[in-house]
Amino acid sequence: MVRMSLQLPLHLLWLLPLTGIIVALYLLRMRRRDVRVPATFLWPQHTEEIRANSLFQRLRFNWLMVLQLIVAALICFAFSQPQVRQEGLLGETTVIVLDTSASMRATDVSPSRFDNALDLVRAAINTSKPSDRFALIEAGAVPRVAFSLSNDPAKQRAALSQIHASDEEGNMGEALRLASALVSSLDSARILVISDGCFPKVENFAPGKATVVYKSIGTRQENLAITALGSAKTSRGNEIFCGVKNFGLNKAETTVDIYADNVLLLTQKLSIQSLKSAGVTCVAPASAHMLHAKIDAKDLLLADNELYAAADPNAAISTLLITKGNPFLERALLLDPRVSLAKDETLPVSEKGPVSKYDLIIFDGVKPEPCSSRAVLSFGATSEASGATANGTLDSPRLTDIADSPITKDVNFRSTYIERGVKLKPYQGARTVVDSNQGPVVVVDDGDTKKIAVAFNTLDSDFPLQVGFPIFIANILDFVAKQADSTDIVTRVGATFAFRAQGDVQISGPNGFSQSVAAKDGQAIWRTIPFAGTYTANVDGKKKNVYANLRSDTESDIATKPDLVLGGGKVKAIQTPFRLQDYWRIFVMIGLGFLAFEWWLYARKS
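In this text the structure is predicted, and so the values were computed from the model without any measurement.

K.L.:
Explanation requested: the overall build of the protein in the structure shown.
P.N.:
Counting its regular elements, the protein contains 10 helices and 34 strands. Rg of the C-alpha trace for the protein: 37 Å, well past the compact-globule value of 25 Å for 606 residues, more than 25% over. Seen along its three principal axes, the alpha-carbon backbone of the protein occupies a region of about 135 × 65 × 45 Å. Sorting the 606 residues of the protein into buried and exposed places 45% on the buried side. Across the protein, contacts joining residues at least 24 apart in sequence account for 66% of those joining residues at least 6 apart. Summed over its atoms, the accessible surface of the protein is roughly 31300 Å², and 54% of this surface lies on carbon and sulfur atoms.

K.L.:
Help me understand unusual backbone geometry in this model?
P.N.:
Among all residues except glycine, the phi angle is most often negative; among peptide bonds, the trans geometry is most common. A cis amide bond, omega -5 degrees, links S110 with the succeeding residue P111. In this structure, D261 takes a positive phi of about 50 degrees despite not being glycine. Summarising the element assignment, D261 is placed in the loop between β10 (252–260) and β11 (263–272). The class for D261 is partly exposed, based on a relative accessible area of 34%. Notably, N262 is not glycine yet its phi reads approximately 70 degrees, a positive angle. Following the sequence through the fold, N262 ends up in the loop between β10 and β11.

K.L.:
What should I look at first to understand the environment of K357 in this one?
P.N.:
With respect to the helices and strands, K357 occurs in the loop between β16 (339–344) and β17 (360–364). Through-space distance from the C-alpha of K357 to that of S373 is 7.2 Å; in sequence the pair is 16 residues apart. Leave out the neighbours within four places in its chain, and K357 touches S318 and E351.

K.L.:
I'm lost on the environment of D99 in this one. Help?
P.N.:
Tracing the backbone through its elements, the reader meets D99 in strand β3 (residues 93–99). Taking the C-alpha atoms as reference points, D99 and A175, 76 residues apart in sequence, are found 9.2 Å from one another. Apart from residues lying up to four places away in sequence, D99 is in contact with M104, F114, A139, M172, I194, S195, D196 and F199. Among the polar contacts made by the side chain of D99, one reaches the side chain of S101 at a distance of 2.8 Å. Looking at D99, its side chain comes within polar contact range of the side chain of S195, at 2.8 Å.

K.L.:
Is there a simple way to think about the nonpolar core in this case?
P.N.:
With 42 residues, the main nonpolar core has V441, F472 and I473 as its most contacted residues. Examining the composition of this core, we find that nine residues originate from one element, helix α8 (residues 468–481), more than from any other. Every residue in contact with V441, bar those within four places of it in the chain, is listed here: L394, L399, I418, L424, V434, D435, S436, A453, V454, A455 and F456. Ranked by size, the runner-up nonpolar core spans 26 residues in total, among them A106, A524, I529 and V539.

K.L.:
Is there a simple way to explain the packing of helix α7 (residues 327–334) against α8 in this structure?
P.N.:
The geometry of a pair of packed helices is captured by two quantities: the angle between their axes and the separation between those axes. Look at α7 against α8: their axes get within 9 Å of each other, and the N-to-C directions meet at 55 degrees. Here α8 runs oblique to α7, going by the angle between their axes. As for how α7 packs across α8, the hand of that crossing is right-handed. Mapping the contact onto sequence places F328, L329, A332 and L333 in α7 and F469, P470, I473 and L477 in α8. Looking at the contact of α7 with α8 residue by residue, the classes come out as eight nonpolar, no polar and no charged.

K.L.:
Mind showing me how you'd approach the packing of aromatic side chains here?
P.N.:
Counting across every chain of the model gives 10 aromatic pairs. Between F134 and F147, the ring centres sit 5.7 Å apart and the planes meet at 75 degrees, which makes this aromatic pair edge-to-face. In this pair, F134 sits in strand β4 (residues 133–139) while F147 sits in strand β5 (residues 144–150), placing the two residues 13 residues apart along the sequence. In this pair, the class of F134 matches that of F147, namely buried. Taken together through their ring pairs, the aromatic side chains of F413, F456, F463, F469 and F472 make up a single cluster. Geometry around F479 places K450 over its ring, the cationic atom sitting 5.9 Å from the centre.

K.L.:
Can you walk me through the sheet that holds strand β33 (residues 569–574) in this structure?
P.N.:
Within a sheet, adjacent strands bond to each other through the backbone by hydrogen bonds, running parallel or antiparallel. Pairing is mixed across the open sheet formed by seven strands, whose spatial order is β5-β4-β3-β6-β7-β33-β32. Single-partner strands in this sheet number two, and they are β5 and β32 (563–566). When the angles between neighbouring strand axes are averaged without regard to direction, this sheet yields 25 degrees. Packed on one face of the sheet, helix α4 (residues 113–127) meets β3, β4, β6 (189–195) and β7 (211–216) and runs near 165 degrees to β3. Packed on one face of the sheet, helix α6 (residues 172–183) meets β3, β4, β5, β6 and β32 and runs near 170 degrees to β3.

K.L.:
Any chance you could explain the pattern of salt bridges here in plain terms?
P.N.:
Pairing between side chains becomes possible if they bear opposite charge and their charged atoms approach one another. Applying the stated criterion across every chain, the model contains 15 salt bridges. Here D167 makes a salt bridge to R105, at a shortest N to O gap of 2.8 Å. Here R105 lies in the loop between β3 and α4 and D167 lies in the loop between α5 (153–160) and α6, a separation of 62 residues in the sequence. Residues joined in a network through salt bridges with shared partners are D108, R113 and D196.

K.L.:
Quick question: what am I supposed to make of the side chain of S180 here?
P.N.:
Within the secondary structure, S180 sits in helix α6. A distance of 2.7 Å separates a polar side-chain atom of S180 from the backbone oxygen of A206. Apart from the residues lying within four places of it in its own chain, the contact partners of S180 are I191, F205, A206 and P207.

K.L.:
Honestly, the sheet that holds strand β18 (residues 375–379) in this entry has me stumped. Any pointers?
P.N.:
Strand order in the open sheet formed by eight strands is β16-β15-β17-β18-β24-β23-β22-β20, with mixed pairing between adjacent strands. Strands at the two margins of the open sheet, each flanked by one partner only, are β16 and β20 (399–402). Neighbouring strand axes in the sheet, compared pairwise and without regard to direction, differ in orientation by 15 degrees on average. Both β20 and strand β22 (residues 431–436) contribute to a ladder of three bridges, which runs antiparallel.

K.L.:
Is there a simple way to think about the packing of helix α1 (residues 15–27) against helix α3 (residues 63–79) in this case?
P.N.:
Remark: α1 packs on α3, axes separated minimally by 10 Å, with the N-to-C direction vectors making an angle of 165 degrees. As judged from the angle between their axes, α1 and α3 are roughly antiparallel. The hand of the α1/α3 crossing is right-handed. The segment α1 lies against α3, with L15, L18, T19, I22, V23 and Y26 engaging L64, M65, Q68, L69, A72, A73 and C76.

Reading the values: the criteria
- Residues numbered from 1 in each chain as written.
- Predicted model: local features only at pLDDT ≥ 70, side-chain atom pairs only at ≥ 80, totals over all residues.
- Heavy atoms only, no water.
- Helix = DSSP H or I, 4+ residues; strand = E, 2+ residues; numbered from the N terminus.
- Rg over C-alpha atoms; globule rule 2.2 N^0.38 Å.
- Buried < 20%, exposed > 50% of the residue type's maximum accessible area, 1.4 Å probe, protein only.
- Contact = heavy atoms within 4.5 Å.
- Areas by Shrake-Rupley, 256 points an atom, 1.4 Å probe, with all protein chains shown as cover.
- Polar contact = N/O pair within 3.5 Å; in protein donor to acceptor, adjacent residues only side chain to side chain.
- Core = buried A, V, L, I, M, F, W, Y, C linked by side-chain atoms within 4.5 Å.
- Axes fitted to C-alpha atoms, helices over the stretch in contact; angles between N-to-C directions.
- Parallel < 35°, antiparallel > 145°, perpendicular 65-115°, else oblique.
- Left-handed = near helix turned anticlockwise from the far one by under 90°.
- Nonpolar A, V, L, I, M, F, W, Y, C, P; charged D, E, K, R; others polar.
- Phe/Tyr/Trp six-rings, centres within 6.5 Å; stacked < 30°, edge-to-face > 60°.
- Lys NZ or Arg CZ within 6 Å of the ring centre and 35° of its normal.
- Pairing = 2+ DSSP bridges.
- Salt bridge = Lys/Arg side-chain N within 4 Å of Asp/Glu carboxyl O.

What follows is the structure, encoded as structure tokens:
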């Protein structure tokens, strides 16, 4: 049964004054010029008009009045914007935001949540009307517009066939803001989110005039995930820790296998309560290089059932960046998959004690403070905590001497322009590796605590724009970790990382993945890696293993969310998407038809 609703029902109240005005006009007495006639029986057809001019004559039936009242009713009804609810994904203008993150690969709905979402979009393309326009945004780690607002089913089907789900964490916030930019200024536009809702609440989002609709996908949440894997030196030796969490609503059992360099060390059964974690430990050989843990759970998401980690804690570089904001430096650090980066504007009190949880602390334009990390890097500021003290200022220095050092390897400093800086004076034991006509520019202290002092703030130079800048940062990370010759890389899916290479780098891995990246200025930068698992990279004739992990509680918690928190408000999930079809134009046309009929009736009567 078709149900009609009114978008602006209060506009029906306009019918009351309009009806009163029309009726009052039929009660008004017409002013006519008095003409004396011999007798009224000679003009019987005017008898009626004489009666109408009576001031207190009661209202009599008149077809013209009826027609005018009908027209008034139709116009008021059209102004109230009658709508009929119809099933379907699309409205006249719709942006579909399709979730392609890891949780959408869950198999609680066959064959997967993502395939069901694709079917919905495919059906929308097939049933779209000529007047419909819609766009599709892929909400992956890097959101992109698959096709813009249009009604071209052939192109839309072709673009849809190129979209695939991955094991990456999605970026729904950026995808929604992109959708808002497309339709927020359009009346009656819709933003349709097809997702399981497994993403953080979205801030800084305003849909404008558009309406947000959430079509939820998924029914169950049974999933076990390896959430932690690492090692530490203990009294037992190199002890391995592995944690498993049950994200389901029922108690679950599984078997955990732990390997070191592909050698099985431990097999242990675990029984885990709902929404709880459990762990196992074992001791790895001192020579172990790569750790691998996997569970045999028959759950709904496979990507988080395996995890890799380097056995040597030095293979990972825990880094703290003290800065007011420096995207160039952050990006250069994150290119290295060994880096686990934290940021702050000041040195935390906990780092001023005898024990530090960071391998490297970077003071970016901030005066270095004493700390206990294994290495300190400073830009544009000095103190006793750095490898040099200030001895004046630099004003547009010209670089003159570059020492042969691991820090300066493959970096062309001579093309760098420095506007200003501090003149460095190395402490005893430190040495200058980059010099200028006004004094040392880069000083290195290779003592128990490694210290690198750079005379200028990176934002006071064009160094971040030079190709040598990320190489310089990579050299420092190698200097700190002493892992430059490592053949294996552990990273997370969706992360950007770089190889040092002179030629093209070929990488292949799970699900038939194979891509080639050209090296530029000694680096081949990989923008994203889509699936969890083991990859093989061919770098200048040498093979490197790349281990990609899905380690995300947000994606592993695959319970479908009943509503979304977007821009401070909630959007409830719907099972059957619908659209509202406007019918006000039809009622306006009918009203105009009645007006034409009324004009014809009046003319005929006259």
